[in-house]
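Understanding the architecture of this molecule
What follows is each chain in one-letter form.
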Amino acid sequence: MPDDRSPPPFPAPFPLPPQGHPTEVLDGIFWLQMPLPFALNHVNLWVLDDGDGWVIIDTGMSTDAIKHHWETALTTALAGRPINRIIATHFHPDHAGLTGYLSQLVDAPVAMAPDEWRLATHISTRSPAEFVAGQQAFFAQHGLDQETLDRLALRGNVFRERIEPIVETFESLAEGDVLAIGGRQWRVVTGRGHSPAHACLWCEVENLLVAGDQVLPKITPNISVLWAQPDADPLTDFLDTLNTFAWLPPDTLALPGHRTPFRGVPERLAELAGHHEHRLNAALAACVDAPRSATELIPTLFDRAMDDHQIVFALGEAVAHLTYLARRGYLLASDEDGVRRYATERPTISLADERKQPS
Ligand SMILES: [Zn+2]
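Now for a description of the structure that goes with this document. These numbers come from a predicted model, not from an experiment.

Reading guide: rules and limits
Residues numbered from 1 in each chain as written. Predicted model: local features only at pLDDT ≥ 70, side-chain atom pairs only at ≥ 80, totals over all residues. Heavy atoms only, no water. Pairing = 2+ DSSP bridges. Helix = DSSP H or I, 4+ residues; strand = E, 2+ residues; numbered from the N terminus. Contact = heavy atoms within 4.5 Å. Axes fitted to C-alpha atoms, helices over the stretch in contact; angles between N-to-C directions. Salt bridge = Lys/Arg side-chain N within 4 Å of Asp/Glu carboxyl O. Buried < 20%, exposed > 50% of the residue type's maximum accessible area, 1.4 Å probe, protein only.

Turning our eyes to something else, we now look at the sheet that holds strand β4 (residues 54–57). The 7 strands lie next to each other as β1-β2-β3-β4-β5-β6-β7, forming an open sheet whose pairing is mixed. For this open sheet the edge positions go to β1 (23–26) and β7 (171–172), each flanked by a neighbour on one side alone. As judged from the 2 bridges shared by strand β5 (residues 83–87) and strand β6 (residues 110–112), these two strands associate in the parallel manner. Bridging from a neighbouring strand, I87 pairs with A111 of β6. Against the sheet, helix α1 (residues 64–75) engages β2 (29–35), β3 (42–49), β4 and β5, with an angle of about 150° to β2.

This paragraph deals with the pattern of salt bridges. Close approach of charged atoms allows side chains with opposite charge to pair. Taken as a whole and judged by the stated rule, the model has 14 salt bridges. E271 is paired through a salt bridge with R268; the nearest N and O atoms lie 2.6 Å apart. Pair noted here: E271 and R268 are both in helix α9 (residues 265–286), with a separation of 3 residues, about one helical turn. On the accessibility criterion, R268 (12% relative accessible area) is buried. For the salt bridge of R328 with E354, the shortest nitrogen-to-oxygen distance reads 3.3 Å. With R328 in the loop between α11 (308–327) and β14 (331–336) and E354 in helix α12 (residues 351–356), the pair connects residues that are 26 residues apart, well separated along the chain. Looking at E354, the relative accessible area reads 14%, which means it is buried. In this structure, a network of salt bridges that share partners links the residues E147, R151 and D308.

Moving on, we get to unusual backbone geometry. Residues other than glycine seldom take positive phi values, yet N207 does so here, at roughly 65°. Positionally, N207 belongs in the loop between β10 (198–203) and β11 (208–212). Unusually for a residue other than glycine, D337 sits at a positive phi of about 50°. In this fold, D337 is placed in the loop between β14 and β15 (339–344).

Written out as structure tokens, the structure is:
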């Protein structure tokens, strides 16, 4: 670590840029906030000055509003120079939804992790019937009622509506890769759990991290088991990622996928681990008296009413916590009448103790 490293002069308290307009917030780094049609009503994209052109990090969800903003930005703030490369941090539609669209529009190559590309391709190429069948089988196994299943079925392949056809060829991003963009060197640091191989970009000299959704301020990255990967254990992956990022200097400036830039990534990850430990113990306590399904645990884990969009995330997150506990012998899973329920075997869990266990 260079001795002359100092925090970049990012203006506090990080005023929001106007949506749809690339706004230079550090030398050569433009914050481009786009609108989302959800309770989480925005996503942060980043445009980097690459000397003779631009590099775009994340493209936003496939909506008319975001397409319109891109078309305007490309003919105004970004006009006159080519897009040299598009980087997708991870496969989620709010980040990668317009990757294929934009790549074609500006004739730029796409760089992303192969595991992210595979999952985006797999889910977005399911027919509505395939998508609904896969989702229904998984959610029914975890106890979701027929009425909600029927409502979700009406949405078809909602993923495909939010993500344009992903590119057919891409440059592979992997942990440790170094990308020279403008005058900066950015190293790929891979996070897991929120998505299979989430690419964060770390600039050591300036102590900057393009964090995507791997670590967010104030909100908790969703950690979900997906119907397309029902045997995954994403909470283990996410908690293992604490080690991946623990070496980052505490004054690292994180440029996140949602909300505003912040410092203190290691502390934020420790807070997130505490949050999950709390939820794990809440899940164990709820399964002491009688076996519970993931759906039955949603009110225990989330103290708010939910629309269908949120129920999908909440159920995936509940399954992630139950899977984590069952794999370690804290819960015993059993299937009856087609529904998986979990009974407590050991009533409390400490993540500090878990970390001492040989893996
Ligand atoms: Zn995400």
